[in-house]
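Residue strings, one per chain:
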Amino acid sequence: MAPQGFQDKVAFVWRVADKLRGTFKQHEYGSVMLPLLVLRRMDAVLAPTKDAVLAKAATFASIGEGEDALLKKVAGHRFYSTAPWTFASLLNDDKNLADNLATYIRRLSRDAYRVMEAYNVDDKVARLDRAGLLYAVMADFADLDLRPVVVSNEAMGYIFEELLRKFSEMSNETAGEHYTPREVITLMVDLLLTGEASKELTENPIPVRTVYDPAAGTGGMLMGAMHRIKAMNDRAIVNVFGQELNDETWAIAQSDLMIQDIDPAHMRNGNTLTADAFGTAKFDFILANPPYGVDWKAYAAPIKDEYDKLGFQGRFGAGLPRVSDGSLLFLQHMLSKMKPSGSRVAIVLSGSPLFSGQAGSGESEIRRWIFENDWLEGIVALPDQMFYNTGISTYVWILANDKADADRGLVRLIDARESGTKMRKSLGDKRKELTPTAIEGIAQLYGGALGEFAGDARVKVLANEAFGFQRITVERPLRRRWEVTPDALAALEASRPWLAWKDAPSPGAFVPLSGTRFATVTALTAAVKKLDAATPLPVVRELVKLAAIADPEAPIIKGKAGPEPDPDLRDAENIPLPAGWLAFDDKAGRRRWSTPPRHT
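Keep in mind that what you see is a predicted model, and the values were worked out from it rather than measured. (Residues numbered from 1 in each chain as written. Predicted model: local features only at pLDDT ≥ 70, side-chain atom pairs only at ≥ 80, totals over all residues. Heavy atoms only, no water.)

**Comments concerning the overall build of the protein**
Scanning the protein from terminus to terminus reveals 24 helices and 20 strands. Taking 25 Å as the expected radius of gyration for a compact globule of 600 residues, we find that the protein reaches 34 Å, considerably beyond that expectation. The principal-axis extent of the C-alpha atoms belonging to the protein is close to 110 × 60 × 50 Å. Looking at the protein as a whole, 49% of its 600 residues are labelled buried. Taking all contacts inside the protein whose residues are at least 6 apart in sequence as the whole, residues at least 24 apart take part in 76%. About 28100 Å² of surface is accessible on the protein, with carbon and sulfur atoms providing 51% of the total. Taken as two groups, the 73 positive and 78 negative side-chain charges of the protein have centres that lie 3 Å from each other. (Helix = DSSP H or I, 4+ residues; strand = E, 2+ residues; numbered from the N terminus. Rg over C-alpha atoms; globule rule 2.2 N^0.38 Å. Buried < 20%, exposed > 50% of the residue type's maximum accessible area, 1.4 Å probe, protein only. Contact = heavy atoms within 4.5 Å. Areas by Shrake-Rupley, 256 points an atom, 1.4 Å probe, with all protein chains shown as cover. Lys, Arg positive; Asp, Glu negative; His and termini not counted. Charge placed at Lys NZ, Arg CZ, Asp CG, Glu CD.)

Structure follows, in structure tokens:
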């Protein structure tokens, strides 16, 4: 349940943002308002201990790690400021406001300053100053009461996230790169918190859970999961962790953690696939909306190196997908973050990871590995047009290593494509949304007992074997006859073997063979030798190839091992595996398909 009154603060900041019209483009509003909101919150939080922090800082010649820790202790928070001003006192010197604000930002503690630096605040302040808007905007923020006694950490989180959502919708052309619609996050979290996971949260007096997002964007999934878990049990201790590649997006996510008094070190900056910031750490709930269809060729070297050198001791042992789509790399990484038991994974994917790749390809081998470990619990097909920058069909995969006995070896498929409601106003490619009622209905379909929704066309439960196939090569016998045509002779005399023949006869030497049909290679070879006994074997072979004609009525060509296959008629068929072909391999300690040729 969202705290009361937070919408008033949201509306206040929204009105301030309107002053940016004409100086900034709409999609830039968030990059100005959000860092100023974070600064104002820090200013309000630090006010009671500010004098003590300044007095302590004055005793230090410089601030190293030890001094940094001491100042945080004096401040009573994970950050502090050694600037002599508050937001209100900055306004007392309007002529030097821009310079003083820049100094104010630089005198934040290191973690806090790094976040502001990622926002590129200096550029925003300079533009506001040039437009004559800086004083008015700062004065408005100084009037915004964000003291902890008025606005709790939880309420501050809701204010920040609601503004982030609104600003993201304004910039819908780029929002999809960093922001997942809130209703999709809600659905994913509800799907994660089903069954035993939900029971443990409600029955345990003080459950402790970890949540991780390797493609954290602005941190919406982490905050959504944290709020949902706390709504189920307000005494729950939820520790969130994430990693994000884009600097400014990372700054937004870390800001959200900071203003809710969460250790900012839990949100790391960098490429998850090439530099995992959390090493061997394992988590209870792992969820992500990774970029799909994104080429990973530019940073393929360290990924391939990990695959070659570490295999299953690393993250990508099951295989590497094509470089045009790294979605299944993220999925493998997420699975590597599961605890030995009890972890659950939710990931948004396009249709490509479901179907792409032939037998033996990286995609097929990754899917096979997932089924052999019996990790895939279910897939929910979402309505199309749900995201800001794509209208394609998307799917939520739920994977777990805590399947109930009744669910082992089975996968739930939920068709929620008709659950979307058309929006009155589209936001980029987003034209549909999921209402709270729709989310509840989908979660009930997914979380119901296996027989509860029998007969419902939206629900299917399939055995793992239903997703596996034997890929069988179908051969047909080679049937050929040979006819020396004028075209074949012309091609022969232009071929490489003929041109390499030093004592080649004059052109047309084999014209007497033109129009003649031969039933076997032996007969054709004998005819050539009769015309010129010195004909090299490569020339004979070239003529045999050029004169060959497929003929279904011709005799079957046989080799030493029997009938020869016709490569032109070769085909492949995917044959569904019969029930029971996914057996448990006690020696390897995991499930394996019991037939060598596989396709998933």
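Next comes the rest of the write-up.
**Side note on the sheet that holds strand β14 (residues 517-518)**
Strand order in this open sheet of three strands is β14-β13-β15, and the pairing throughout is antiparallel. Lying at the two open borders of the sheet, with one neighbouring strand each, are β14 and β15 (548-550). Pairing analysis gives two bridges linking strand β13 (residues 480-483) to β14, with the strands arranged antiparallel. Each bridged residue has a counterpart across the sheet, and for Trp482 the counterpart in β14 is Phe518. Running at roughly 30° to β15, helix α24 (residues 537-547) makes contact with β13 and β15 of the sheet. (Pairing = 2+ DSSP bridges. Axes fitted to C-alpha atoms, helices over the stretch in contact; angles between N-to-C directions.)

**Side note on the pairing of strand β1 (residues 208-213)**
Burial runs high along β1: five of the six residues are buried. With six bridges joining them, β1 and strand β2 (residues 237-244) adopt parallel strand pairing. Each residue of the ladder has a partner; that of Val208, found in β2, is Ile237. Crossover connection from β1 via helix α14 (residues 220-232) to parallel β2: handedness right-handed. Sheet analysis places β1 next to strand β4 (residues 285-288), joined by two bridges and oriented parallel. When the bridges of β4 are listed, Tyr212 appears paired with Ile286. (Right-handed = clockwise from strand over helix to strand, strands pointing away.)

**Side note on the nonpolar core**
Within the largest apolar cluster, 112 residues are counted, with the highest numbers of intra-cluster contacts made by Met33, Leu37, Met116, Tyr119 and Phe141. In terms of residue count, helix α2 (residues 29-46) provides more of this core than any other element does, 12 residues in total. Apart from the residues within four sequence positions on either side, Met33 is in contact with Val13, Val16, Ala17, Leu20, Val137, Phe141 and Phe167. (Core = buried A, V, L, I, M, F, W, Y, C linked by side-chain atoms within 4.5 Å.)

**Some details on the side chain of Asp190**
Positionally, Asp190 belongs in helix α12 (residues 182-192). Asp190 sits in the buried class, given a relative accessible area of 13%. Setting aside residues up to four positions removed in sequence, Asp190 forms contacts with Arg228, Ile439 and Ala443.

**Thoughts on the packing of aromatic side chains**
Applying the stated rule across the entire model yields 12 aromatic pairs. Note on Trp369 and Trp375: the rings are 4.9 Å apart at their centroids and 90° apart in plane angle, and the pair reads as edge-to-face. A relative accessible area of 14% places Trp375 in the buried class. Taken together, the aromatic side chains of Tyr212, Phe241, Phe278 and Phe283 make up a single cluster linked through ring pairs. When the ring centre of Trp14 is taken as origin, the NZ or CZ atom of Lys166, which lies over that ring, is 4.5 Å away. When the ring centre of Phe278 is taken as reference, the NZ or CZ atom of Arg268 above it lies at 5.0 Å. (Phe/Tyr/Trp six-rings, centres within 6.5 Å; stacked < 30°, edge-to-face > 60°. Lys NZ or Arg CZ within 6 Å of the ring centre and 35° of its normal.)

**A look at unusual backbone geometry**
Even without a glycine there, the phi angle at Asp261 is positive, about 60°. Counting through the fold element by element, Asp261 comes out in the loop between α15 (247-259) and β3 (267-269). For Asp374, which is not a glycine, the phi torsion comes out positive at approximately 55°. Along the chain, Asp374 turns up in the loop between α19 (362-372) and β6 (376-381).

**A short note on the confidence of the model for the protein**
Per-residue pLDDT for the protein has a mean of 87; in total, 92% of the residues score no lower than 70. Note that residues 586-590 has pLDDT below 50 and, in this model, six contacts with residues that lie over four places away or in other chains. Within the model, the stretch residues 595-599 combines pLDDT values under 50 with 23 contacts to residues more than four positions away or in other chains. (pLDDT = per-residue confidence, 0-100.)

**Section: the pattern of salt bridges**
Tallied over the entire structure, the rule returns 35 salt bridges. Across the salt bridge formed by Asp261 and Arg78, the nearest N and O atoms sit 3.7 Å from each other. Of this pair, Asp261 sits in the loop between α15 and β3 while Arg78 sits in the loop between α4 (65-75) and α5 (87-90), placing them 183 residues apart in sequence. Note that Glu363 and Arg322 form a salt bridge whose closest N and O atoms lie 2.7 Å from each other. Separated by 41 residues along the polypeptide, Glu363 in helix α19 and Arg322 in the loop between α16 (300-310) and α17 (327-336) bring together distant segments of the chain. Looking at Glu363, the relative accessible area reads 5%, which means it is buried. Overall, the relative accessible area of 41% leaves Arg322 in the partly exposed class. (Salt bridge = Lys/Arg side-chain N within 4 Å of Asp/Glu carboxyl O.)

**Topic: the sheet that holds β4**
With mixed pairing, nine strands are arranged side by side in an open sheet as β3-β2-β1-β4-β5-β7-β6-β8-β11. Here the strands that pair on one side only, and so sit at the sheet edges, are β3 and β11 (459-463). Averaged over all pairs of adjacent strands, the angle between their axes in this sheet comes to 15°, without regard to strand direction. As paired strands, β4 and strand β5 (residues 344-350) are joined by four bridges and run parallel to one another. Within β5, the residue paired with Phe285 across the bridge is Arg344. Where α15 meets the sheet, it contacts β2 and β3, and its direction lies at approximately 165° from that of β3.

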